[in-house]
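# Close look at the chain arrangement
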Amino acid sequence: MKLGTYYVVELPEPDDFEFWRERARSLIQCDVPPDRIAWIEPGSSGDLFAHGERRAPVPPGDAPAVRANRRFVPLAKNAALHSDPERFALLYRLLWRLQANPRMMEDKADPDVRRIEELDKNVRRDSHKMHAFVRFRLVENEETDGEHYVAWFEPEHHILRANAGFFMRRFANMRWSILTPQGSLHWDGETMREGPPAERVDAPGGDPMEDLWRTYYASIFNPARLKVGAMLKEMPRKYWKNMPEAALIPELVAGAQKRESAMVDAGALEFEERPETLAAIDKAIHACRKCPIGALENQAVMGEGPQDAALMIVGEQPGDQEDQAGRPFVGPAGQLLDVHLEKAGIDRKASYVTNTVKHFKYVQRGKRRLHQSPAAKEIDTCRWWIESERAIVQPKLVLAMGASAARGMLGKTVSISKARGAPIALEEGCELWITAHPSYLLRLEGPAREEQARLFDADLVAVKERLEELSG
Ligand code: URA
């Protein structure tokens, strides 16, 4: 190091910990003390240091390796995401001091140690808020010809990129964008793209999903557990404006006590144990609000048929007509099912007929309610009920029709074309057979419909024969 040299390090990105780490290593190996370095992040002016040395110093070949304590690195990675302009200087000062005192991180009274811990805590808290409070709104995307979900969020720290993986994993099958004043993330189901900073007006204001969230929140809001102070701590007011459901908070708090007694009456507070009778399941699904579908204007539809049926037939969810009638498979798909069951010689009345998801999921378009497929998460939540039904009915064979029913039985997605035609062993000797859903046939025409009807019939005949073997 030249005596008196002042180093200016311009970070390419405000969250670029790796860049800081590389530079910090060579500066330490060149013995540059903390007060001879200015750490400048993008967007802040480096003019004050116009005469500073911007090139990285080259450490001598025999420079000792830089020591970083194991506790320091994870803390530093997080603290580097803080919005405090002094954070990189703090990290360097700590690293510099660690060379002489490797146990320094254990000194809880040291002001630098306390500061890095505080930064780390603030950043973790900001990430936690982002995970909890990002709210996607549905927009139609003509370019990509599909649904696109857009969320607006204002993080306090530079946490956007660090949290990309979290949202990618959680919403892997959705096409989404998260817009923030610091930058944006765009996921198309396969690749993540970063984009420029955005403004509040770039994000959509509200849409029917918002109503769904709002209704959902109102229904899961548990007045029996209401603690206003704790709620405000968890969900500070500044996040409320981006969360549709937050608009309900004052109203919900006011009505909490009234709703509590109503929920107790409906049995909504008692869902922890598996019901032991079909009647108990019926009662419980009517009060179930474990996912937003149950909060729509619909009624739960219970399975029907003999409790000792050897065959359990499982569909996806009630449709519009089933919802109105309160019975499974009474609409167009049910009528087609009846025709094919009869053709295969299967007696519907001797079978237990039910659905994976107990409520009708739809979007309202004018007077019509359009069917919406349940999301994997919703199926997985509702599996509790179909498993409870199976435990009581104890069928020898389950026929799952369509991908949602197959997922409801197996807890994972399978391809119908690959899984059909052969049994899958479930517990207690029960066999699962998978076939297409009759609604799928209804959507086809001409030779394609004929071909699928032929495959459907063949599956039903195989089921009938297997049932006879199992009962024989
Ligand atoms: N589709 C289903 O999956 N179930 C019904 O009950 C009706 C239509």
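Bear in mind that the values here come from a model prediction, so they are computed numbers and not experimental data.

Take the overall build of the protein next. In terms of helices and strands, the protein carries 17 helices and 14 strands. Within the protein, the proportion of its 472 residues that are buried is 47%. In the protein, once contacts between residues fewer than 6 apart in sequence are set aside, the share between residues at least 24 apart is 72%. On the protein, roughly 24700 Å² of surface is accessible, and the fraction owed to carbon and sulfur atoms is 51%.

The full set of residues close to the ligand is G315, E316, Q317, P318, G319, E322, P328, F329, N355 and H437. Within the contact set of the ligand, an oxygen atom lies 2.7 Å away from a backbone nitrogen or oxygen of E316. When the ligand sits alone it has 230 Å² of accessible area, and the protein chains cover 93% of it. Its residues assigned to classes, the shell around the ligand shows three nonpolar, five polar and two charged.

This part covers unusual backbone geometry. Despite not being glycine, F329 has its phi angle at roughly 50 degrees, a positive value. Within the fold, F329 resides in the loop between α11 (320–325) and α12 (332–344). In this structure, Q394 is a non-glycine residue whose phi angle is positive, near 50 degrees. On the secondary structure map, Q394 appears in the loop between α13 (376–393) and β12 (397–401).

Positionally, D380 belongs in helix α13. Using a relative accessible area of 31% as the deciding quantity, one classes D380 as partly exposed. Distance in space between the C-alpha atoms of D380 and V357 is 9.0 Å, their sequence separation being 23 residues. Reaching out from D380, the side chain makes a polar contact with the side chain of R407 at a distance of 2.7 Å.

Pairing is mixed across the open sheet formed by five strands, whose spatial order is β9-β8-β12-β14-β13. This sheet does not close on itself; its edge strands, each paired only once, are β9 (352–355) and β13 (424–425). Where strand β8 (residues 311–315) lies against β12, four bridges are found, and the strand directions are parallel. In the sheet register, L311 faces β12, and the bridge partner there is L397. Across the face of the sheet, helix α17 (residues 446–471) comes into contact with β8, β12 and β14 (431–435) while running at roughly 165 degrees to β14.

Further remarks concern helix α3 (residues 87–100). Under the 1.5 Å per step criterion, the end-to-end length of α3 is 21 Å for 14 residues, consistent within 8% with the ideal 20 Å. Of the residues making up α3, those classed as buried are R87, F88, L90, L91, Y92, L94, L95, L98 and Q99. Contact partners of the buried residues in α3: α1 (17–29), β2 (37–40), α2 (72–79) and α4 (111–133).

The next subject is the pattern of salt bridges. Counted according to the given criterion, the structure contains 34 salt bridges. Of the charged contacts, one joins E389 and K358 as a salt bridge, the two residues approaching to 2.6 Å between their closest N and O atoms. Taken together, the residues E389 in helix α13 and K358 in the loop between β9 and β10 (362–365) connect sequence positions 31 residues apart. On the basis of relative accessible area, E389 is assigned to the buried category, the value being 0%.

If you trace the backbone, H437 turns up in the loop between β14 and α16 (438–443). A relative accessible area of 14% places H437 in the buried class. Among the polar contacts made by the side chain of H437, one reaches the main-chain amide nitrogen of S439 at a distance of 2.9 Å. With sequence-adjacent residues up to four places away left out, H437 is seen in contact with G315, E316, F329, A333, M401 and G402.

Glancing now at the packing of α12 against α17. Following both chains from N to C, one finds α12 and α17 inclined at 55 degrees, their axes separated by 9 Å at the closest point. Between α12 and α17, the angle is such that the two are oblique. In this structure, α12 crosses over α17, and the sense of that crossing is right-handed. Contacts from L336, L337, H340, L341, K343 and A344 in α12 reach R449, A453, F456, D457, L460, V461 and K464 in α17. Here the residues of the contact of α12 with α17 are counted per class, giving eight nonpolar, one polar and four charged.

V398, M409 and I434 are the most contacted members of the largest nonpolar core, which totals 35 residues. Put simply, the parts of the chain that give this core at least two residues each are α10 (278–287), β8, α13, β12, α14 (403–410), α15 (416–419) and β14. With six residues, the single largest contributor to this core is α13. When residues no more than four places from it in sequence are discounted, the contact partners of M409 are V314, R383, I386, R390, V398, A400, L426 and L432. Grouped together as the second largest cluster of nonpolar side chains are 29 residues, F17, L27, L90 and V113 included.

Moving on, we come to the packing of aromatic side chains. Tallying each qualifying case throughout the model produces eight aromatic pairs. Grouped by ring-pair contacts, the aromatic residues F17, W20, W39, Y92 and W96 constitute a single cluster. The ring of Y362 has R369 lying over it, and the distance from NZ or CZ to the ring centre is 4.9 Å.

Here the focus is the pairing of β2. What you see with β2 is no split at all: I37 and W39 on one side and A38 and I40 on the other are buried throughout. Across four bridges, strand β1 (residues 7–10) lies against β2 in parallel orientation. Residue pairing in the sheet places V8 in a bridge with A38 of β2. In this fold, the crossover linking β1 to β2 by way of α1 has right-handed handedness.

Conventions and cut-offs
- Residues numbered from 1 in each chain as written.
- Predicted model: local features only at pLDDT ≥ 70, side-chain atom pairs only at ≥ 80, totals over all residues.
- Heavy atoms only, no water.
- Helix = DSSP H or I, 4+ residues; strand = E, 2+ residues; numbered from the N terminus.
- Buried < 20%, exposed > 50% of the residue type's maximum accessible area, 1.4 Å probe, protein only.
- Contact = heavy atoms within 4.5 Å.
- Areas by Shrake-Rupley, 256 points an atom, 1.4 Å probe, with all protein chains shown as cover.
- Near = heavy atom within 4 Å.
- Polar contact = N/O pair within 3.5 Å; in protein donor to acceptor, adjacent residues only side chain to side chain.
- Nonpolar A, V, L, I, M, F, W, Y, C, P; charged D, E, K, R; others polar.
- Pairing = 2+ DSSP bridges.
- Axes fitted to C-alpha atoms, helices over the stretch in contact; angles between N-to-C directions.
- Expected span 1.5 Å × (residues − 1).
- Salt bridge = Lys/Arg side-chain N within 4 Å of Asp/Glu carboxyl O.
- Parallel < 35°, antiparallel > 145°, perpendicular 65-115°, else oblique.
- Left-handed = near helix turned anticlockwise from the far one by under 90°.
- Core = buried A, V, L, I, M, F, W, Y, C linked by side-chain atoms within 4.5 Å.
- Phe/Tyr/Trp six-rings, centres within 6.5 Å; stacked < 30°, edge-to-face > 60°.
- Lys NZ or Arg CZ within 6 Å of the ring centre and 35° of its normal.
- Right-handed = clockwise from strand over helix to strand, strands pointing away.

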